[in-house]
Amino acid sequence: SWPICISPNQSELFNNKGAVLHQLGNYQSALEAYAIAIELRITNQDAHYNMGRLLEETGKYEDARICYKKALMLLPNYKECLSKKGFLNTWMSDPDFGRKDTDRALILSPLMAEAHLHRGCSLLEEFDLDRATLSLRKAVLINPVQREGYENLAIIGKQLVNDNLFHRAVKYISVLSK
């Protein structure tokens, strides 16, 4: 039998294949490609991160969190992964721990719209409307086409009106229009 030579780049090729399949909505094949990428090179933090994103999208939150943790063990300052893990932790009822990850991502990259969005959403979950507004506003200023930021800002405005806080709602709208 002939020895098989696996190039160190094989792992990246399977990770890229997984990313394309993921984008196309072929989740099972994408998951298999990410698994092969990890099998070929266990230290491929991008494959762990991408697998986590796919698992999160398909509702396998605990498995996604494990993948994010593995990616961060390999690359502790992986800002995108910190932001996603932070948001997932917040959503899974661990807001303090989640916000620490998101805040770390923002320290590494202050202009990361997704991290501002995740931070704003976590603050919104805790009904900290003022700080949530600031974070969400930063997210849409950095990335004006980010739909989720506007949707969450609308939720805050609606909450102020529902709570009969009309003076705050008017102030809120004037801040948003600046």
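The structure contained in this document is the topic of the report that follows.

Rules used in this analysis
- Residues numbered from 1 in each chain as written.
- Predicted model: local features only at pLDDT ≥ 70, side-chain atom pairs only at ≥ 80, totals over all residues.
- Heavy atoms only, no water.
- Helix = DSSP H or I, 4+ residues; strand = E, 2+ residues; numbered from the N terminus.
- Buried < 20%, exposed > 50% of the residue type's maximum accessible area, 1.4 Å probe, protein only.
- Axes fitted to C-alpha atoms, helices over the stretch in contact; angles between N-to-C directions.
- Parallel < 35°, antiparallel > 145°, perpendicular 65-115°, else oblique.
- Left-handed = near helix turned anticlockwise from the far one by under 90°.
- Contact = heavy atoms within 4.5 Å.
- Expected span 1.5 Å × (residues − 1).
- Salt bridge = Lys/Arg side-chain N within 4 Å of Asp/Glu carboxyl O.
- Polar contact = N/O pair within 3.5 Å; in protein donor to acceptor, adjacent residues only side chain to side chain.

## Thoughts on unusual backbone geometry
No. 1: One non-glycine residue, Phe 127, adopts positive backbone phi at about 60°.
No. 2: Assignment of secondary structure puts Phe 127 in the loop between α7 (113-125) and α8 (129-142).
No. 3: Its relative accessible area of 63% is what places Phe 127 among the exposed residues.

## Quick word on the packing of helix α3 (residues 45-57) against helix α5 (residues 79-91)
No. 1: It is at 11 Å that the axes of α3 and α5 come closest, and there the two elements cross at 30°. What the angle tells us is that α3 and α5 run roughly parallel. Judged by the twist between their axes, the crossing of α3 over α5 is left-handed. When α3 is examined against α5, the residues Tyr 49, Arg 53 and Glu 56 are found in contact with a partner set consisting of Glu 80, Cys 81, Lys 84, Phe 87 and Leu 88.

## Quick notes on α5
No. 1: Given a rise of 1.5 Å per residue, 13 residues ought to cover 18 Å, and the 18 Å separating the end C-alpha atoms of α5 matches this to within 8%.
No. 2: All of the buried residues along α5 are Cys 81, Leu 82, Ser 83, Lys 84, Lys 85, Gly 86, Leu 88, Asn 89 and Thr 90.
No. 3: Phi turns positive one or two residues past the end of α5, at Ser 93, with a value near 75°.

## Some words on the pattern of salt bridges
No. 1: Inspection of the entire model under this criterion finds nine salt bridges.
No. 2: One salt bridge in this structure joins Arg 41 and Glu 12, with 2.2 Å as the shortest N-O distance. Linking Arg 41 in the loop between α2 (27-40) and α3 with Glu 12 in helix α1 (residues 10-23), this pair joins segments that are 29 residues apart in sequence.
No. 3: A salt bridge links Arg 99 to Glu 126, with the nearest nitrogen and oxygen atoms 3.0 Å apart. Of this pair, Arg 99 sits in helix α6 (residues 95-108) while Glu 126 is found in the loop between α7 and α8, placing the two residues 27 residues apart along the sequence.
No. 4: The exposure class of Arg 99 is buried, given its relative accessible area of 11%.
No. 5: Linked through salt bridges whose partners overlap, the residues forming this network are Arg 147, Glu 148 and Glu 151.

## Some words on the side chain of Asn 44
No. 1: Note that Asn 44 resides in the loop between α2 and α3.
No. 2: Among the residues examined, Asn 44 registers a relative accessible area of 2% and is labelled buried.
No. 3: Polar contacts involving the side chain of Asn 44 include one to the main-chain amide nitrogen of Ala 47, which spans 3.0 Å.
No. 4: In this view, Asn 44 contacts Ser 11, Glu 12, Asn 15, Ala 37 and Leu 74; residues no more than four positions away in its chain are not counted.

By themselves, these figures tell us nothing about what the structure is for.
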